[in-house]
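Summary of the model geometry
Next come the chains, spelled out residue by residue.
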Amino acid sequence: MSVDIVPLITAFVFVFLAELGDKTQLTAMMLSSKASAIPVFAGSMLAFFLVDGVSALIGGELLSFLSPEWISFSSGLLFIFFGTFSFLRKNEEIRIEKQKTTFLKTFSVISLMELGDKTQLASIVLAAELKNPLIVLVGVMLAFSVVTGIGIIFGAKLLRLLPEKYLKVGASLLFILFGFIFIFNAVTQVMPTA
């Protein structure tokens, strides 16, 4: 029994190149600069699997129920909330609670960022074009794991180079900036053009 690896390689290369330096990799990098790598990686991978992986398996049906404007607006609000919360939060958490919070925060943020993203759409198209959704799923998830791993490694090294208070401010501002960009995109998509 032979397995056609063309869909796997195609999906891996496409998603790897698309995600390298993308907002989700930067987000994983910023989150891992302030938290343990394991909950950031696990939260990211679960989000990628549920959004991009399931999309590759079931196609565009999931997206047809959600308005892109609603997704963008909700993502923006969530990013502003996380950025503001991160900026104002005191560093008096218990280690176990921090890992649970980091996992849920990472999962939520990455999930919302990936809904309607180019890699989600690419996963759907690749699965349909290459007619092998399961192998495309494997390629997509391998690419996400490598790109996320690279981001987390750099995030951990960033923590050693910069004081934590600067990272906290930088990450908070990055989240708030992404939030306003998402809301702006949602509003401009809803507004009629003359």
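Just so we're clear, the structure is a prediction, and the values are computed from it rather than from any experiment.

At a minimum axis distance of 7 Å, the contact between helix H3 (residues 37–58) and helix H7 (residues 118–130) shows a crossing angle of 25°. The orientation of H3 with respect to H7, classified from their angle, is roughly parallel. Crossing of H3 over H7 shows right-handed handedness. Mapping the contact onto sequence places Val51, Asp52, Ser55 and Ala56 in H3 and Thr119, Gln120, Ser123, Ile124 and Ala127 in H7. In terms of residue class, the contact of H3 with H7 is built from four nonpolar, four polar and one charged.

This brings us to H7. With 13 residues, H7 ought to run about 18 Å at 1.5 Å a step, and its terminal C-alpha atoms sit 17 Å apart, in line with that. Directly beyond the C-terminal end of H7, a positive phi value near 55° is found at Lys131.

Now for the packing of aromatic side chains. Taken as a whole and assessed by the stated rule, the structure comprises two aromatic pairs. Between Phe48 and Phe144, the aromatic rings sit 3.8 Å apart at their centres with planes inclined by 5°, giving stacked as the arrangement. In this pair, Phe48 sits in helix H3 while Phe144 sits in helix H8 (residues 133–161), placing the two residues 96 residues apart along the sequence.

This next bit is on the confidence of the model for the chain. Looking at the chain, pLDDT values average 76 and 76% of them are 70 or higher. H3 holds the highest mean pLDDT among the elements of the chain, 88, whereas helix H4 (residues 61–64) holds the lowest, 49. Under a pLDDT of 50 for its full length, residues 92–97 has, in the predicted model, three contacts with residues more than four places off or in other chains.

Taken together, the side chains of Ile5, Ile9, Val13 and Leu17 define a hydrophobic patch exposed on the protein surface, amounting to about 360 Å² of accessible area. Within the secondary structure, Leu17 sits in helix H1 (residues 6–19). Leu17 gets classed as exposed once you look at its relative accessible area, which sits at 58%.

The rules we used
Residues numbered from 1 in each chain as written. Predicted model: local features only at pLDDT ≥ 70, side-chain atom pairs only at ≥ 80, totals over all residues. Heavy atoms only, no water. Axes fitted to C-alpha atoms, helices over the stretch in contact; angles between N-to-C directions. Helix = DSSP H or I, 4+ residues; strand = E, 2+ residues; numbered from the N terminus. Parallel < 35°, antiparallel > 145°, perpendicular 65-115°, else oblique. Left-handed = near helix turned anticlockwise from the far one by under 90°. Contact = heavy atoms within 4.5 Å. Nonpolar A, V, L, I, M, F, W, Y, C, P; charged D, E, K, R; others polar. Expected span 1.5 Å × (residues − 1). Phe/Tyr/Trp six-rings, centres within 6.5 Å; stacked < 30°, edge-to-face > 60°. pLDDT = per-residue confidence, 0-100. Patch = residues over 30% accessible without salt bridge, like charges linked within 9 Å, V, L, I, M, F, W, Y side chains within 5 Å. Areas by Shrake-Rupley, 256 points an atom, 1.4 Å probe, with all protein chains shown as cover. Salt bridge = Lys/Arg side-chain N within 4 Å of Asp/Glu carboxyl O. Buried < 20%, exposed > 50% of the residue type's maximum accessible area, 1.4 Å probe, protein only.

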